[in-house]
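Fold and contact review
Each chain is listed here by its residues.
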Amino acid sequence: MQELHDAPLAPLTTFRLGGPATRLVTATTDDEVIAAVRAADDTGTPLLIIGGGSNLVIGDKGFDGTALRIATRGFTLDGTTLTLAAGENWSEAVARTVEAGLAGVECLAGIPGSAGATPIQNVGAYGQEVSATITEVVAYDRRRGETVTIPNAECGFSYRHSRFKQHPDRFVVLRVRFALEDAGGLSAPLKYPETARALGVEAGDRVPAAVARETVLALRAGKGMVLDPEDHDTWSAGSFFTNPILTEAEHAVFVRRVRDRLGPDVAPPAFPAGDGLVKTSAAWLIDRAGFTKGYGSGPARISTKHTLALTNRGAATTEDLLALAREVRDGVHAAFGVTLVNEPVTVGVSL
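Here the structure is a predicted model, which is why all the values come from computation and not from measurement. (Residues numbered from 1 in each chain as written. Predicted model: local features only at pLDDT ≥ 70, side-chain atom pairs only at ≥ 80, totals over all residues. Heavy atoms only, no water.)

1. So, the overall build of the chain
The helix and strand tally for the chain stands at nine helices and 20 strands. Here the C-alpha atoms of the chain give a radius of gyration of 20 Å, agreeing with the 20 Å that 2.2 N^0.38 yields for 351 residues. If you line up the chain on its principal axes, its C-alpha atoms span 60 × 50 × 40 Å. When burial is assessed residue by residue, the chain has 49% of its 351 residues classed as buried. With an accessible surface of roughly 15300 Å², the chain has 49% of that area assigned to carbon and sulfur atoms. (Helix = DSSP H or I, 4+ residues; strand = E, 2+ residues; numbered from the N terminus. Rg over C-alpha atoms; globule rule 2.2 N^0.38 Å. Buried < 20%, exposed > 50% of the residue type's maximum accessible area, 1.4 Å probe, protein only. Areas by Shrake-Rupley, 256 points an atom, 1.4 Å probe, with all protein chains shown as cover.)

Set out below in structure tokens:
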């Protein structure tokens, strides 16, 4: 294991923000990960797990404790069963599954971060979520002090949520297993209208998996959602807010407020979310509340390509970012009565 003291954490995040950690440990094997976690737990030392750093907002004061960077490697295909070590680069893993002619995660191309983070957030985009293909998660259970294998049904998956996110201080993901599909090189049925339109096909159709992946990458790049060190629109955590899920009663009140503010013929986006719930679009809310692309005059601004991404223009601090996030959150609530919730994990700070 590599160990550093007073180590900068900003370079380990896609925001490039945050102060140093008292101690930074980089683990390259599962045994090293477990040893580092046990050492922290045995001494009562605060522990911060870092994978790809694409979903972290770290305070300017940094982290007073041990930051554990998981850099394990392992990509194994056994027929249609894929096993990924937690430290594997997710976007590269997706590319390799497509090269192998397998379907199931091709529309999750270009999402930054590590494989171990995908079940925590139930990562999803363009009509796919990892919960649809994950069969089990191998994790170190800090409460029990042992490695456990958790089947999909016990992961508590829901929209951008899981058992692992609900209990962030209990499980450290080590490996993730997926059941993919051999569809003769074709993609899974396309579910997302924007993807289908870009490909000139209907929702439910299949296309070559490689074409689906390339199309998603192009769509993401157009929104600044593919990492590029030269493009400050990608110095972000992707979508900063989750799409709100409302009860039917809350949705009815929301629709009335939209029509009062924007006109009687305006209908906000609405998608069934199960059990009498309705999901609407955070990006739509932000834009209609007056926070358009490029909004802001300081070093933290809304992306010029997508209203859902808050970005570091190069000289921002975490407090700059949070000030913008609060302005957007409060402005949306004042306009529509809906409270946006941040998607990235905050460390040492909060909205």
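Having seen it, we continue.
2. As for the sheet that holds strand S2 (residues 20–27)
One open sheet holds the four strands; their spatial order is S1-S2-S5-S3, and the pairing between them is mixed. Either end of the sheet is taken by a strand with one partner, and the two such strands are strand S1 (2–8) and strand S3 (47–50). Strand after strand, the sheet turns through a mean of 25° between neighbouring axes, direction not considered. (Pairing = 2+ DSSP bridges. Axes fitted to C-alpha atoms, helices over the stretch in contact; angles between N-to-C directions.)

3. Considering the pattern of salt bridges
A full pass over the atoms with the stated rule returns 15 salt bridges. Salt-bridge contacts for aspartate 141 lead to arginine 170; the nearest nitrogen and oxygen are separated by 2.8 Å. Here the residue aspartate 141 occupies a position in strand S11 (residues 134–141), and arginine 170 occupies one in the loop between helix H4 (163–166) and strand S13 (171–179), the gap between them amounting to 29 residues. Judged by its relative accessible area of 14%, arginine 170 is buried. When the shortest N-O distance is used, the salt bridge between arginine 288 and aspartate 287 registers 2.9 Å. (Salt bridge = Lys/Arg side-chain N within 4 Å of Asp/Glu carboxyl O.)

4. Quick look at the nonpolar core
Leu84, Trp90, Leu108, Val130, Ile134, Val137 and Phe178 are the most contacted members of the largest nonpolar core, which totals 35 residues. Ranked by residues supplied to this core, first place goes to S13 with four residues. In this structure, leucine 108 is in contact with Trp90, Val94, Val123, Gly124, Ala125, Gln128, Glu129 and Val130, ignoring residues within four places of it in sequence. Formed by 32 residues, the second largest nonpolar core is a distinct cluster that contains Phe15, Ala283, Leu310 and Val332. (Core = buried A, V, L, I, M, F, W, Y, C linked by side-chain atoms within 4.5 Å. Contact = heavy atoms within 4.5 Å.)

5. Here's the deal with the packing of helix H7 (residues 248–262) against helix H9 (residues 318–336)
Two elements in contact, H7 and H9, have axes whose closest approach is 8 Å; the angle formed by their N-to-C orientations is 90°. In terms of axis orientation, H7 runs roughly perpendicular to H9. When H7 is examined against H9, the residues Phe254, Arg257, Val258, Arg261 and Leu262 are found in contact with a partner set consisting of His333, Ala334, Ala335 and Phe336. Of the residues in the contact of H7 with H9, the class split is six nonpolar, one polar and two charged. (Parallel < 35°, antiparallel > 145°, perpendicular 65-115°, else oblique. Nonpolar A, V, L, I, M, F, W, Y, C, P; charged D, E, K, R; others polar.)

6. Brief notes about the sheet that holds strand S17 (residues 277–279)
Ordered by their spatial adjacency, three strands build an open sheet running S15-S17-S16, and the pairing between neighbours is antiparallel. Looking along the sheet, the strands with just one partner apiece sit at the ends: strand S15 (245–247) and strand S16 (271–272).

7. Overview of the layout of surface pockets
Estimates place the volume of the second largest pocket at around 510 Å³. Lining of the second largest pocket is provided by 30 residues; of these, Thr14, Gly52, Asn89, Gly113 and Leu227 occupy positions nearest its centre. At the level of elements, strand S5 (63–70) and helix H2 (90–99) are the ones that each hand at least two residues to the lining of the second largest pocket. Residues belonging to the lining of the second largest pocket are distributed by class as follows: twelve nonpolar, 13 polar and five charged. (1 Å grid on protein atoms, 1.4 Å probe; cavity = no way out; pocket = protein on both sides within 12 Å on 5 of 7 lines; lining within 4 Å. Points joined across faces, edges and corners; volume = space filled by probe spheres on them.)

8. Examining the side chain of threonine 14
Within the fold, threonine 14 resides in the loop between S1 and S2. In this structure the side chain of threonine 14 is engaged in a polar contact, spanning 2.6 Å, whose partner is the backbone oxygen of serine 236. Ignoring any residue separated from it by four or fewer positions in sequence, one finds threonine 14 in contact with Gly52, Gly53, Ser54, Leu227, Thr234, Trp235, Ser236 and Ala237. (Polar contact = N/O pair within 3.5 Å; in protein donor to acceptor, adjacent residues only side chain to side chain.)

9. A closer look at the pairing of strand S6 (residues 75–78)
Bridge analysis of S6 against strand S7 (residues 81–85) gives four bridges, and the strand direction is antiparallel. Bridge pairing links leucine 77 to leucine 82 in S7. Connecting S6 to the next strand, S7, in antiparallel fashion are two residues, including glycine 79 with a positive phi near 65°.

10. Some points on H2
Of all the residues in H2, the buried ones are Trp90, Ala93, Val94, Ala95, Thr97 and Val98. Next to the buried residues of H2 lie S6, S7, strand S8 (102–103), helix H3 (118–121), S13 and helix H6 (209–222). The N-cap residue of H2 is asparagine 89: its side-chain oxygen and the backbone nitrogen of serine 91 are 3.1 Å apart.

11. Observations concerning the packing of aromatic side chains
Applying the stated criterion to the full structure yields eight aromatic pairs. Consider the rings of phenylalanine 164 and phenylalanine 171, whose centres lie 5.7 Å apart with planes at 80°: the pair is edge-to-face. For phenylalanine 164, a relative accessible area of 3% corresponds to the buried category. Taking the relative accessible area as the measure of exposure, phenylalanine 171 reaches 7% and is therefore buried. (Phe/Tyr/Trp six-rings, centres within 6.5 Å; stacked < 30°, edge-to-face > 60°.)

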